[in-house]
Amino acid sequence: MTENGIRNPSSSLEQIGFKGIRQAYWNQSAEALIEETIRRYQGVLSSTGALVIETGEFTGRSPKDKFTVKDAETENSVDWNNFNIPFEEAAFEKLRLKMLAYFAGKDLFVKDAYACADEKYRLNLRLYSEYPWSNMFAHNMFLRPTLEEIRSFEAEWTIINAPGFKADPVEDGTRQHNFAVIHFKRKTILIGGTGYTGEIKKGIFSVLNYLLPHEQNVLAMHCSANLGKEGDTAIFFGLSGTGKTTLSADPDRFLIGDDEHGWSDEGVFNFEGGCYAKTIDLSAEKEPDIYKAIKHGAILENICFMPHSREVDYACTELTENTRVSYPLFHIENALEKSVGGHPKNIFFLTCDADGVLPPISQLTPGQAMYQFISGYTAKVAGTEVGITEPVKTFSTCFGAPFMPLHPTKYATMLGERMQKYNTKVWLVNTGWTGGQYGVGNRMKLSHTRAMITAALNGGLDQVEFQVHPVFGFKYPLTCPGVPSDVLDARNTWSDKSAYDDRAKKLAEAFVKNFEKFADKAHPEILEAGPKIAQEA
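Residues numbered from 1 in each chain as written. Predicted model: local features only at pLDDT ≥ 70, side-chain atom pairs only at ≥ 80, totals over all residues. Heavy atoms only, no water.

Notes on the pairing of strand β11 (residues 219-227)
Burial analysis of β11 places nine of its nine residues in the buried class, which makes it a mostly covered element. Here β11 runs beside strand β14 (residues 260-263); their pairing, made up of four bridges, is antiparallel. Counterpart to Leu219 in the pairing with β14 is Trp263. Pairing analysis gives five bridges linking β11 to strand β12 (residues 233-237), with the strands arranged antiparallel. Among the inter-strand pairings, Leu227 is bridged to a residue of β12, identified as Thr233. (Buried < 20%, exposed > 50% of the residue type's maximum accessible area, 1.4 Å probe, protein only. Helix = DSSP H or I, 4+ residues; strand = E, 2+ residues; numbered from the N terminus. Pairing = 2+ DSSP bridges.)

Okay, structure coming up:
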């Protein structure tokens, strides 16, 4: 039972299939989960009071080990590919029973929570976890029911999380011993063999990315969102490492959320109740809001301490470059109490261009916006996935392909309809390299990116002169408040202009090749918005 003696009798452990549980801890507070973690020698406190844990073998997501059960419900609706990987129903049930048996004689931590800040789309979920810190992660990241709501809580979706349970690939149908399997008909997610907490949140994100667009005409988005003091909403698309969390945590704007949102007929709403931020090279100067949020109640993952202290060394990559912190949204001083906003006036596509070709900010036409959204160009940065140690060029549809169960055109069409209906401006922002590709140039200065986004939000780019990129066709500003003019033209930042031209052509060719698989379903306005490659004489 919980410390408040609350337990929902309609959802007993026996009904789920657990047997022989030593002790079940239901809906423990953050304080109690911290104490349990420390008591079990699974974590310590940092100098700021944050809980510090190590996730073990896996310090990032493993997309090749994420599966979806293929059944009558999903066979013709899921876009089966190399990240929506089919899993047999019989194999799922066998694996589920093995996981439940694994818990016999062990303690179990149970957390009731929900997703979606808009009550109309609320999804109740229950996490059964092996470790207290996994449970606390869910407490931080999902929305937290009130005491009264817990008394009558009915879970719609179930997550069973057992980092210590390892599958047998031959017997269980997995690729290796770790796995994350979603079963839409049974409304259950199995996660085993990995302690990386991000698998929990991305599992529910994948569920919402299927249910909301497929059943309720709500666009599910891998984006952050904030709200201006005048009531204007902005959203930021981008893969991990491109700056969603950093750029949405703006001290002059109110935070709606940092990673996962829906766009309904009423506006934008957060799926989550917390933030999951990268902490590599974090400093109070560069990211003051995130830095201050790392206090008691936050969970730091896979970090190092300064010698002979409990002070965090944010530059240390001994365990991984994907060091992380999770914290409830209220740790951000200017976070909205109810994480909802109106229809966005501005959308930013954040791309980490490791080729150093794209301008630092460009304004897109509707056709270009759809082309870029379907393309989802960026670079995976070190540590966000298993095996990534330096930037790798990738095209991730909708800036979140691994979490999108439906065909990309479904999300793209919904986004295009909303952009047109609400007259939303769309900007492409390069948070990657300038002055040369990775290894030659330098990463774009955060201060410059912030200044460009601020100018776009407050109208500071409305009257300035723009120039059209000869290959990609974007128009980019020649001046911007707070940014040196020589930064705004990507080609001018390269000392070797012919090398830039060659790199731009190669990147354009990569775009065209990637888009071939979408061309048959893209209308002429989108096709015309692709890059133009000059033919050799």
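A few points about the pairing of β14
Residues Glu260 and Gly262 line one face of β14 and the alternating positions His261 and Trp263 line the opposite face, and both faces are buried. Sheet topology places β14 next to strand β15 (residues 268-270); three bridges connect them, and they run antiparallel. Looking across to β15, one finds that Gly262 is bridged to Phe269.

So, the packing of aromatic side chains
Under the definition given, this model contains 35 aromatic pairs. With centroids separated by 6.2 Å and ring planes inclined at 50°, the aromatic side chains of Tyr196 and Tyr276 adopt a geometry described as tilted. Of this pair, Tyr196 sits in the loop between β10 (188-192) and α7 (198-216) while Tyr276 sits in strand β16 (residues 274-278), and the two are 80 residues apart along the sequence. The residues Tyr196 and Tyr276 share a single accessibility class, namely buried. (Phe/Tyr/Trp six-rings, centres within 6.5 Å; stacked < 30°, edge-to-face > 60°.)

What about empty space enclosed by the protein?
As enumerated under the stated definition, the model contains one cavity of 30 Å³ or more in all. Along the walls of the largest cavity sit Arg61, Ser62, Pro63, Lys66, Glu199, Lys202, Pro402 and Phe403, which together make up its complete lining. Residue classes in the lining of the largest cavity are distributed as three nonpolar, one polar and four charged. (1 Å grid on protein atoms, 1.4 Å probe; cavity = no way out; pocket = protein on both sides within 12 Å on 5 of 7 lines; lining within 4 Å. Points joined across faces, edges and corners; volume = space filled by probe spheres on them. Nonpolar A, V, L, I, M, F, W, Y, C, P; charged D, E, K, R; others polar.)

Some thoughts on unusual backbone geometry
Residue Cys116 is not a glycine yet carries a positive backbone phi of 85°. Looking at where Cys116 falls in the secondary structure, it is placed in the loop between β6 (107-115) and β7 (123-129). In this structure Cys116 comes out as buried when scored by relative accessible area, which is 0%. Positive phi is not limited to glycine here, since Asn423 has a value of about 55°. Summarising the element assignment, Asn423 is placed in the loop between α11 (408-421) and β26 (425-430). Its relative accessible area of 69% is what places Asn423 among the exposed residues.

With respect to the side chain of His183
For His183, the location among the structural elements is in strand β9 (residues 179-183). A residue is classified by how much of its surface remains accessible, and His183, at 2% relative accessible area, is buried. Discounting chain neighbours no more than four positions away, the residues touching His183 are Val69, Asp71, Glu89, Phe92, Trp157 and Thr188. (Contact = heavy atoms within 4.5 Å.)

Here we look at the pattern of salt bridges
Here the structure, examined in full by the defined rule, presents 27 salt bridges. In this structure, Arg40 and Glu36 form a salt bridge, with 3.0 Å as the shortest nitrogen-oxygen distance. Among the residues examined, Glu36 registers a relative accessible area of 11% and is labelled buried. Residue Glu149 is joined to Arg122 by a salt bridge in which the shortest nitrogen-to-oxygen separation is 3.2 Å. Taken together, the residues Glu149 in helix α5 (residues 147-151) and Arg122 in the loop between β6 and β7 connect sequence positions 27 residues apart. Through salt bridges with shared partners, a single network forms among Lys201, Lys202, Lys244, Asp259, Glu260 and Glu272. (Salt bridge = Lys/Arg side-chain N within 4 Å of Asp/Glu carboxyl O.)

Overview of the packing of helix α2 (residues 30-39) against helix α4 (residues 132-141)
For the pair α2 and α4, the least separation of the axes is 8 Å and the interaxial angle reads 155°. Judged by the angle between their axes, α2 and α4 are roughly antiparallel. When you trace α2 past α4, the crossing you get is left-handed. Between α2, through Ala30, Leu33, Ile34, Glu36 and Thr37, and α4, the contact on the second element is made entirely by Pro132, Trp133, Asn135, Met136 and His139. Each residue belonging to the contact of α2 with α4 can be placed in one class, and the counts come to six nonpolar, three polar and one charged. (Axes fitted to C-alpha atoms, helices over the stretch in contact; angles between N-to-C directions. Parallel < 35°, antiparallel > 145°, perpendicular 65-115°, else oblique. Left-handed = near helix turned anticlockwise from the far one by under 90°.)

Observations regarding the sheet that holds β16
Pairing is mixed across the open sheet formed by five strands, whose spatial order is β2-β3-β17-β20-β16. Two strands close off the open sheet at either side, each with one partner strand: β2 (44-45) and β16. Across five bridges, β16 lies against strand β20 (residues 324-328) in antiparallel orientation. If you follow Gly274 over to β20, its bridge partner there is Pro328. Taken strand by strand, α2 contacts β2 and β3 (51-53), and its axis lies near 45° from that of β3.

Looking at α11
With 14 residues, α11 should cover 20 Å at 1.5 Å per step; its first-to-last C-alpha distance of 20 Å lies within 8% of that length. The set of residues buried in α11 consists of Pro408, Thr409, Tyr411, Ala412, Met414, Leu415, Gly416, Arg418 and Met419. After α11 finishes, the residue Asn423 shows a positive phi value of roughly 55°. (Expected span 1.5 Å × (residues − 1).)

Some details on α4
Because each turn of an α-helix spans 3.6 residues, side chains separated by three or four positions end up pointing in the same direction. Of all 10 residues in α4, 10 are buried, a share of seventy percent or more. When we look at burial in α4, the residues that qualify are Pro132, Trp133, Ser134, Asn135, Met136, Phe137, Ala138, His139, Asn140 and Met141.

Notes on the packing of helix α10 (residues 366-375) against α11
Axis separation between α10 and α11 bottoms out at 10 Å; the angle between their running directions is 150°. Classified by the angle between their axes, α10 and α11 sit roughly antiparallel to one another. As α10 runs across α11, the sense of the crossing is right-handed. The residues of α11 that touch α10, namely those facing Pro366, Ala369, Met370, Phe373 and Ile374, are Tyr411, Ala412, Thr413, Leu415, Gly416, Met419 and Gln420.

Examining the environment of Leu125
Its location among the elements puts Leu125 in strand β7. Judged by relative accessible area, Leu125 falls into the buried class, the value being 0%. Remark: the alpha-carbon pair of Leu125 and Asp112, spanning 13 residues in sequence, is separated by 6.1 Å. Filtering out sequence-adjacent residues up to four positions away, Leu125 remains in contact with Lys111, Asp112, Ala113, Tyr114, Ala115, Phe142, Phe153, Ala155, Trp157, Ile159 and Ile204.

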